[in-house]
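Close look at the chain arrangement
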Amino acid sequence: MEMETLTEVVQSTKQIKIQGFSVTSAMSNGEFFKSRTRWTVGGYDWEVQVVPRASNGSRDYVALNLRFHSEAPTDNNVKANFSCRFIDPSGKLKPSQGSSGTYKFTRGSYTFNIMAIADLKTSGYIKDDAFTVECTIMVLRELAKNAVTHRPADDLAPSSGLHHHLGELLQKGTGADVTLVVSGESFTVHKAILASRSPVFMAEFFGQMKEKRSPRVDIKGMEAAIFRAMLQFIYTDSAPELDRPEDGTAIAQHLLVAADMYGIDRLKLICEDKLYDGINVDTAATTLALAEQHGCSHLKAKCIELIAANLEAAMATEGYKHLMASCPSVMNDLLKAVHGEKN
């Protein structure tokens with residue numbers, strides 16, 4: 001039986017931290033902090049505003065405003081779901097119940113009350129006078145008639161659901177049985193957890209390799225910050241560093257290499273999806289080299305399409321020279337794509 005898929009759901013999650021919660025009590029009703037950069041999901045731009053005090057009848061809430069900053073299609077509107085909740089970055093508490101809603105977006109904003117301020121103060125989500133909110137946008141898109149590319153995140157498996165408990169183990173080091181040293185920095189971890197998430201660690205700790213009995217293992221060729229982010233994902237199934245506006249893309253590049261090195265397929269796909277959304281003419285060639293070297297087929301296809309459609313501009317970039325020197329094998333794929341563009 002033939003099956004035809006007409007739609008896809010594009011999803012993205014980010015975390016927002018507000019420090020100085022006690023000082024926000026001086027803010028007026030409805031006054032807000034807005035995200036520094038637009039959040040692009042499903043081809044549309046969104047803005048998240050954090051409202052530390054939003055009055056609703058007799059109670060004051062911490063709320064989020066979601067603003068739609070793009071033009072909706074002339075013959076349709078943008079259908080999206082937004083959800084937000086408080087989280088404990090340490091993993092000790094489960095996420096709060098939060099708030100969510102599904103709307104047809106054309107313009108303007110919607111407000112989501114997350115939790116009453118009085119309840120928040122006793123909830124445990126305020127740490128060092130700060131709180132963290134996790135937001136997720138899901139956008140429904142109609143597939144193009146001749147769509148040829150496939151989003152990397154479509155292959156992601158569901159989260160394990162154990163990250164809130166395991167995050168505490170990583171933070172406290174309770175029961176840790178090996179120390180990993182990366183670029184001079186030591187990480188106290190649990191062999192069994194690392195082995196359960198990575199076939200490479202499984203071989204190192206429980207195979208015939210010397211690391212099986214060693215209490216200290218030196219790891220070469222990786223920055224400590226990238227290894228820390230990989231450990232965070234191994235234990236908690238999340239990589240909040242990827243959402244940092246200043247260097248999230250660079251982290252995704254290094255973390256993709258690390259994930260591929262250790263066989264952590266889900267993290268590799270998340271990094272691939274992050275890079276997929278950020279491709280432009282200036283970065284397409286560099287990203288294509290990375291995709292070719294690490295077997296990222298969806299990312300590679302997206303890069304080739306973009307380069308073929310903007311060949312002269314792409315060839316003028318330094319990344320294109322690097323691509324030709326490091327991955328000459330992609331030339332055939334590029335030539336086929338360029339020929340298809342001309343036809």
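Residues numbered from 1 in each chain as written. Predicted model: local features only at pLDDT ≥ 70, side-chain atom pairs only at ≥ 80, totals over all residues. Heavy atoms only, no water.

Some remarks on the overall build of the protein
Short version of the rule: Strands here mean DSSP runs of E at least two residues long; helices mean DSSP runs of H or I at least four residues long; both are numbered from the N terminus. Each residue is placed in one exposure class: buried if its accessible area under a 1.4 Å probe, protein chains only, is under 20% of its type's maximum, exposed if it is over 50%, and partly exposed if it falls in between. The contact criterion used is simple: two residues touch if any of their non-hydrogen atoms lie within 4.5 Å. The Shrake-Rupley method, run with a 1.4 Å probe sphere, supplies the accessible areas, and residue values consider only the shown protein chains as cover.
Helix and strand content of the protein: twelve helices and twelve strands. For the protein, the proportion of its 343 residues judged to be buried stands at 42%. A separation of at least 24 residues holds for 67% of the contacts in the protein among residues at least 6 apart in sequence. Of the roughly 18,400 Å² of accessible surface on the protein, 49% is carried by carbon and sulfur atoms.

So, helix α7 (residues 265–278)
Because the α-helix completes a turn every 3.6 residues, residues three or four places apart line up on one side. Filter applied, for reference: Here, expected helix span is obtained from the residue count minus one, scaled by 1.5 Å.
Compared with an ideal rise of 1.5 Å per residue, which puts 14 residues at 20 Å, α7 spans 20 Å between its outermost C-alpha atoms and is within 8% of the ideal. Elements in contact with the buried residues of α7: α5 (224–236), α6 (248–261), α8 (284–293) and α9 (297–309).

Some thoughts on the sheet that holds strand β12 (residues 216–219)
Backbone hydrogen bonds hold the strands of a sheet together, and the pairing may be parallel or antiparallel. Our working rule: The pairing criterion for strands is at least two bridges between them, as found by DSSP. Whenever a helix is involved, its axis is fitted only over the stretch in contact; in every case the axis is a line through C-alpha atoms, and angles between N-to-C directions fall within 0 to 180 degrees.
Taken together, three strands build an open sheet; the order of strands is β11-β10-β12 and the sheet is mixed. Either end of the sheet is taken by a strand with one partner, and the two such strands are β11 (185–189) and β12. On average, each strand axis in the sheet is inclined to that of its neighbour by 25°, with strand direction left out of account. In terms of strand pairing, strand β10 (residues 178–182) meets β11 through five bridges, oriented antiparallel.

Some words on a nonpolar patch on the surface
What counts here: Distance thresholds for patches are 9 Å for like charges and 5 Å for nonpolar side chains (Val, Leu, Ile, Met, Phe, Trp, Tyr), applied to residues having over 30% relative accessible area and no salt bridge. For this document, the term salt bridge refers to a Lys or Arg side-chain nitrogen within 4 Å of an Asp or Glu carboxyl oxygen.
On the surface, V9, M138 and L140 cluster together into a nonpolar patch covering about 230 Å² of accessible area. Mapped onto the fold, V9 is located in strand β1 (residues 7–19). Judged by relative accessible area, V9 falls into the partly exposed class, the value being 46%.

Here's the deal with the sheet that holds β1
In spatial order, the strands read β1-β9-β6-β7; together these four strands make up an open sheet with antiparallel pairing. Among the strands making up the open sheet, the edge pair consists of β1 and β7 (99–105). Along the sheet, successive strands turn relative to each other by an average axial angle of 20°, direction set aside. Direction of pairing for β1 relative to strand β9 (residues 130–142): antiparallel, over a ladder of 13 bridges. Across the sheet, the residue bridging to T7 is E142, located in β9.

Observations regarding the pairing of strand β4 (residues 44–56)
Taken together, the two bridges between strand β2 (residues 33–34) and β4 define a ladder with antiparallel strand orientation. The partner of F33 across the bridge, within β4, is V50. When strand β3 (residues 39–41) meets β4, the two strands line up antiparallel, connected through three bridges. Looking at β4, one finds that V41 is bridged to Y44. Between the antiparallel neighbours β3 and β4 lie two residues, among them G42 with a positive phi of about 65°.

Observations concerning the nonpolar core
Counted only if it meets this: Each nonpolar core is a collection of buried residues, namely Ala, Val, Leu, Ile, Met, Phe, Trp, Tyr and Cys, held together in the definition by side-chain atoms within 4.5 Å.
With 57 residues, the main nonpolar core has L180, F201, F227, M230 and L255 as its most contacted residues. In terms of residue count, α5 provides more of this core than any other element does, nine residues in total. Contact partners of M230, with chain neighbours within four places excluded, come to F201, L255, A258, A259, Y262, I264 and L267. V48, V50, L66 and V133 belong to the second largest nonpolar core, which has 31 residues in total.

Brief notes about the packing of aromatic side chains
Short version of the rule: Paired rings are identified among Phe, Tyr and Trp, the last through its six-membered ring, by centres lying within 6.5 Å, and are further divided according to the angle between planes into stacked (under 30 degrees), edge-to-face (over 60) and tilted (the rest).
Per the stated rule, a full pass over the model turns up 15 aromatic pairs. Ring centres of F86 and Y125 lie 6.1 Å apart, and the angle between their planes is 25°; this geometry places the pair in the stacked category. Of the two residues, F86 is situated in strand β6 (residues 78–87) and Y125 in the loop between α1 (117–121) and β9; the sequence distance between them amounts to 39 residues. Look at Y125 and you get buried, because its relative accessible area is 9%. Taking 5.4 Å as the distance between ring centres and 85° as the angle between the ring planes, the aromatic pair formed by F86 and F131 counts as edge-to-face. Here F86 is found in strand β6, whereas its partner F131 is found in strand β9, with 45 residues between them in sequence. The exposure class assigned to F86 is buried, which follows from its relative accessible area of 0%. Through a chain of ring-to-ring contacts, the aromatic side chains of Y44, W46, F68, F82, Y103, F105, Y110 and F112 assemble into a single cluster.

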